[in-house]
Amino acid sequence: MGLVLFYLSAAPLLADQFGLFTYRVVGDTVEITDYPTTEVGGVDIPAEIDGKPVTSIGEYAFAGCDGLTSITVPEGVTILNFRAFRNCPSLITISLPSSLDVIGEEAFFGCVELISVRILGGVTTIGRYAFSDCHDLASVTIPSSVTSISNYAFRNCIALVSITIPSNVTTLSYSAFRGCSGMESFFVEAGNLQFASAEGVLFDSVRNWLVQCPARKVGAYAIAANVTTISTEAFYGCSELTSVAMPEGLIGIGTEAFYGCTGLTSVNIPSSVKSINSGAFYGCSGLTSVNIPANVSYLGSTGYQAFSGCSGLMAIDVEMGNVQFSSVGGVLLNAAQTAVILCPEHKDGGFAIPSSVTIINDGAFADCIRLTSVTIPEGVPRIGTGTFVSCSALTSVTIPSSVTYFGDGAFAGCGALTSVTIPAGVTYLAAVFLGDAPSSVSSTAFAGSAQEFTIYYLSGSAGFATPKWHFWAAFPLDEAPSPSQTWLLGHGYPLDTDLGSDPNGNGVRLLMAYALNLDPNQNLSGSLPVPITSADS
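Definitions and limits used
- Residues numbered from 1 in each chain as written.
- Predicted model: local features only at pLDDT ≥ 70, side-chain atom pairs only at ≥ 80, totals over all residues.
- Heavy atoms only, no water.
- Helix = DSSP H or I, 4+ residues; strand = E, 2+ residues; numbered from the N terminus.
- Buried < 20%, exposed > 50% of the residue type's maximum accessible area, 1.4 Å probe, protein only.
- Contact = heavy atoms within 4.5 Å.
- Areas by Shrake-Rupley, 256 points an atom, 1.4 Å probe, with all protein chains shown as cover.
- Pairing = 2+ DSSP bridges.
- Salt bridge = Lys/Arg side-chain N within 4 Å of Asp/Glu carboxyl O.
- Phe/Tyr/Trp six-rings, centres within 6.5 Å; stacked < 30°, edge-to-face > 60°.
- Lys NZ or Arg CZ within 6 Å of the ring centre and 35° of its normal.
- Core = buried A, V, L, I, M, F, W, Y, C linked by side-chain atoms within 4.5 Å.
- Axes fitted to C-alpha atoms, helices over the stretch in contact; angles between N-to-C directions.
- Polar contact = N/O pair within 3.5 Å; in protein donor to acceptor, adjacent residues only side chain to side chain.
- pLDDT = per-residue confidence, 0-100.
- Disulfide = S-S within 2.5 Å.

**Quick look at the overall build of the protein chain**
Stage number 1. A tally of helices and strands in the protein chain yields two helices and 44 strands.
Stage number 2. Here the protein chain, with 537 residues, has 46% of them falling under the buried criterion.
Stage number 3. Taking contacts inside the protein chain between residues at least 6 apart in sequence as the whole, the part at least 24 apart equals 33%.
Stage number 4. When the accessible surface of the protein chain is totalled, it reaches about 24300 Å², and 53% of it is carbon and sulfur.

Spelled out as structure tokens, the structure:
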């Protein structure tokens, strides 16, 4: 059976002019498509043009109109399209019609002086980022017709103090009010079947799910006994919160649930908790110690653990009986103690990694600014990406002969590191210098390097020479290597390797391996994500 493709072309929609308004006719209606960005003051959008009703404000129609101070949208308009009024920084007032149905994505994004918005009945959807970064927005009236408030709809509206969720809202993104640092309370209208509020905190209707705590919640807060889940970003930016009492029966703590709660000094995680997601306590600089209960089986993804970014954290302890995790000297390991997962950022002095360890997670010691020395045991084959990044007090690292690979930025930002002994097993294909040449260099500086080892340096850097510098081939670069080029070098490929190639012949191009952060030197034919397709596709 053959496949026939038809390419259909609609009649062009020609733009026309009505005073300062550019518009186009769509069927029997009109859409405003543009307005001069140089105009200042107020503007009244016409209700009809040439006898046809204006029903739509097009994408970017008034975007970047720096001098507009007020806008009246006429009755009959049903949709404000993508970025219709984005970045109108002088806009103070907006009059919206009762005919309006959809406030599109980023419709008023960045209207920083917009003070209040009264949305009339008829609107059902407030799109993604619709009022994001409207810093002066202090009052919003949401009608009962609204059923959906999308992702980041009111993000960074720092002047908002309270918000009332109407009775018909069934979809409310966890990030809808992210960054509303002045928010003191959420209220939910009676009759809402999906959401409820108590003490200004937003819950699902049966109060098993804590959805959002207002950012200005101050002091101690006790979570209700029947809550089983703390939602993603639930306490995001609650910097004045000092303690949170979690109930026995709590099962999950969502991604970035307590992100940026800098005033939080202690947290008692109940034994019922099974998962604490990525970045759950990121930026909780006041936390000094934490105890992981025996039932916890998940602590976030590699490189972004639940307690990453806790700059005051000295120790992570794990209860006996946990089958997934353990702790040695306050450092988090897997239960078998074969992998280092995370070192708390405020751990000081030296640390000897247990001899049973063969894996050190990427970023495991990142930002440990008080760590002075680390001993890595024989048997560890690789030092991954950013493993010791920004360990500014680190003066020495003992690396065993088993290590044959260093990831990107493994020791980046370790300004106090005076010596690292590179084992003979490491094979280098390239070195990239981003500054002038060192004043002296030993012939054994890159011992064990591959036959094709090459020095790259930035054009204009002093002290280098081409085609050979000291003992090695050397070539200038017009600019610093891109992330993809650095990745190529780190996996043993020349700088100019075509990312579209498949050097191993396993059906996986280098570009795909780079995008998915896979090791291109392994057989990747069975490592790619499997697309989900419908049964009749």
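**Looking at unusual backbone geometry**
As a rule of thumb, non-glycine residues mostly have phi less than zero, and peptide bonds are mostly trans rather than cis.
Stage number 1. A cis geometry characterises the amide bond from Thr-466 onward to Pro-467, with omega recorded as 10°.
Stage number 2. As for its placement among the helices and strands, Pro-467 is situated in the loop between strand 42 (454-458) and strand 43 (468-469).
Stage number 3. One non-glycine residue, Glu-256, adopts positive backbone phi at about 55°.
Stage number 4. The topology assignment puts Glu-256 in the loop between strand 24 (252-253) and strand 25 (266-268).
Stage number 5. We classify Glu-256 as buried; its relative accessible area is 13%.

**Focus: the sheet that holds strand 31 (residues 325-328)**
Stage number 1. If you trace the four strands from one edge of the open sheet to the other, you get 31-32-33-35, paired in mixed fashion. Taken across any chain shown, the strands that pair with only one partner, and hence form the sheet edges, are strand 31 and strand 35 (359-360).
Stage number 2. Note: strand 32 (residues 331-334) against strand 33 (residues 339-342), two bridges, orientation antiparallel. Residue pairing for strand 33: Leu-332 is matched across the bridge by Leu-342.

**A closer look at the pairing of strand 31**
Stage number 1. Relative to strand 32, strand 31 runs antiparallel, the two being bridged by four bridges. Counted as the bridge partner of Ser-326 is Leu-333 from strand 32.
Stage number 2. Linking strand 31 to strand 32, which pair antiparallel, is a turn of two residues; within it Gly-329 sits at a positive phi near 60°.

**A look at the pattern of salt bridges**
Stage number 1. Evaluation of the coordinates by the stated rule reveals nine salt bridges.
Stage number 2. Note that Glu-106 is salt-bridged to Arg-83, the shortest N-O span being 2.6 Å. Highlighted residues: Glu-106 in the loop between strand 10 (102-103) and strand 11 (116-118) and Arg-83 in the loop between strand 8 (79-80) and strand 9 (93-95), separated in sequence by 23 residues.
Stage number 3. The exposure class assigned to Glu-106 is buried, which follows from its relative accessible area of 8%.

**Observations concerning the environment of Asn-168**
Stage number 1. By the element assignment, Asn-168 lies in the loop between strand 15 (162-165) and strand 16 (171-172).
Stage number 2. For Asn-168, a relative accessible area of 42% puts it in the partly exposed group.
Stage number 3. Residues in contact with Asn-168, not counting those within four places in the same chain, are Ser-144, Val-146, Thr-147 and Asn-192.

**Overview of the packing of aromatic side chains**
Each aromatic ring pair is described using two quantities: the centre-to-centre distance and the angle formed by the ring planes.
Stage number 1. Counting across every chain of the model gives 23 aromatic pairs.
Stage number 2. Taking the centre distance of 4.9 Å and the plane angle of 20° together, the rings of Tyr-129 and Tyr-152 count as stacked. Of the two residues, Tyr-129 is situated in the loop between strand 12 (125-126) and strand 13 (139-141) and Tyr-152 in the loop between strand 14 (148-149) and strand 15; the sequence distance between them amounts to 23 residues. Note on accessibility: Tyr-129 and Tyr-152 belong to one class, buried.
Stage number 3. On the basis of an interplanar angle of 65° and a centroid distance of 5.5 Å, the ring pair of Phe-177 and Phe-186 is categorised as edge-to-face.
Stage number 4. Among the aromatic side chains, those forming a connected cluster through ring pairs are Phe-21, Tyr-35, Phe-62, Phe-85, Phe-108, Phe-131, Phe-154, Phe-177 and Phe-186.
Stage number 5. Residue placement shows Arg-86 over the ring face of Phe-109; its charged tip is 4.0 Å from the ring centre.

**So, the nonpolar core**
Stage number 1. Judged by nonpolar contacts, the single largest core of 59 residues is most densely connected at Phe-62, Phe-85, Phe-108, Ile-126, Phe-131, Ile-149 and Phe-154.
Stage number 2. Residue assignment for this core shows that the elements contributing at least two residues are strand 2 (21-26), strand 3 (29-34), strand 6 (52-57), strand 7 (67-72), strand 15 and strand 17 (185-188).
Stage number 3. Ignoring anything within four residues of it in the chain, the contact list for Ile-149 reads Ile-126, Ile-142, Phe-154, Ile-165, Val-169, Thr-171, Leu-172, Ser-173 and Ala-176.
Stage number 4. Counting residues in each nonpolar core, the second largest holds 42 residues, with Val-201, Leu-210, Ile-253 and Ala-257 among its members.

**So, the sheet that holds strand 7**
Stage number 1. The parallel open sheet is built from three strands, whose spatial order is 4-7-9. A single partner strand is all that each edge strand has here, and the edge strands are strand 4 (40-44) and strand 9. Across this sheet, the average inter-strand angle for adjacent strands is 25°, counted without regard to direction.

**Brief notes about the pairing of strand 23 (residues 241-245)**
Stage number 1. Note that strand 21 (residues 219-222) and strand 23 share four bridges and pair parallel. What sits directly across from Tyr-221, in strand 23, is Val-244.
Stage number 2. In this sheet, strand 25 lies alongside strand 23 in parallel orientation, the contact comprising three bridges. The residue bridging Ser-243 from the neighbouring strand is Ser-266, located in strand 25.

**Here we look at the side chain of Gln-212**
Stage number 1. Relative to the helices and strands, Gln-212 is located in strand 20 (residues 209-212).
Stage number 2. Judged by relative accessible area, which is 7%, Gln-212 ranks as buried.
Stage number 3. In terms of polar contacts, Gln-212 uses its side chain to reach the backbone carbonyl oxygen of Glu-233, at 3.4 Å.
Stage number 4. If near-sequence neighbours (up to four positions away) are discounted, Gln-212 is found in contact with Tyr-174, Phe-186, Val-201, Leu-202, Glu-233 and Ala-234.

**Quick notes on the confidence of the model for the protein chain**
Stage number 1. Confidence in the prediction for the protein chain averages 88 pLDDT; 88% of positions are at 70 or higher.
Stage number 2. pLDDT under 50 marks residues 1-12. Its contacts with residues more than four places away, or in other chains, come to zero contacts.

**Description of the side chain of Ser-272**
Stage number 1. Looking at the secondary structure, you find Ser-272 in the loop between strand 25 and strand 26 (275-276).
Stage number 2. With a relative accessible area of 16%, Ser-272 lands in the buried category.
Stage number 3. Once residues within four sequence positions are removed from consideration, Ser-272 is found in contact with Pro-247, Glu-248, Gly-249, Leu-250, Ile-251 and Asn-295.

**As for the state of the cysteines**
Stage number 1. For the structure on display, the rule yields zero disulfides.
Stage number 2. Among the cysteines around Cys-284, which has no disulfide bond, Cys-261 carries the closest sulfur, lying 5.0 Å off.
Stage number 3. Free of any disulfide, Cys-343 has its nearest neighbouring cysteine sulfur in Cys-368, separated by 3.7 Å.
Stage number 4. You can call Cys-343 buried: its relative accessible area is 1%.

**Thoughts on the environment of Ala-47**
Stage number 1. Looking at the secondary structure, you find Ala-47 in the loop between strand 4 and strand 5 (48-49).
Stage number 2. Along the backbone, Ala-47 and Val-30 are 17 residues apart, and their C-alpha atoms lie at a distance of 9.4 Å.
Stage number 3. Contacts of Ala-47, omitting those with residues within four sequence positions, involve Lys-52, Pro-53, Val-54, Pro-74 and Glu-75.

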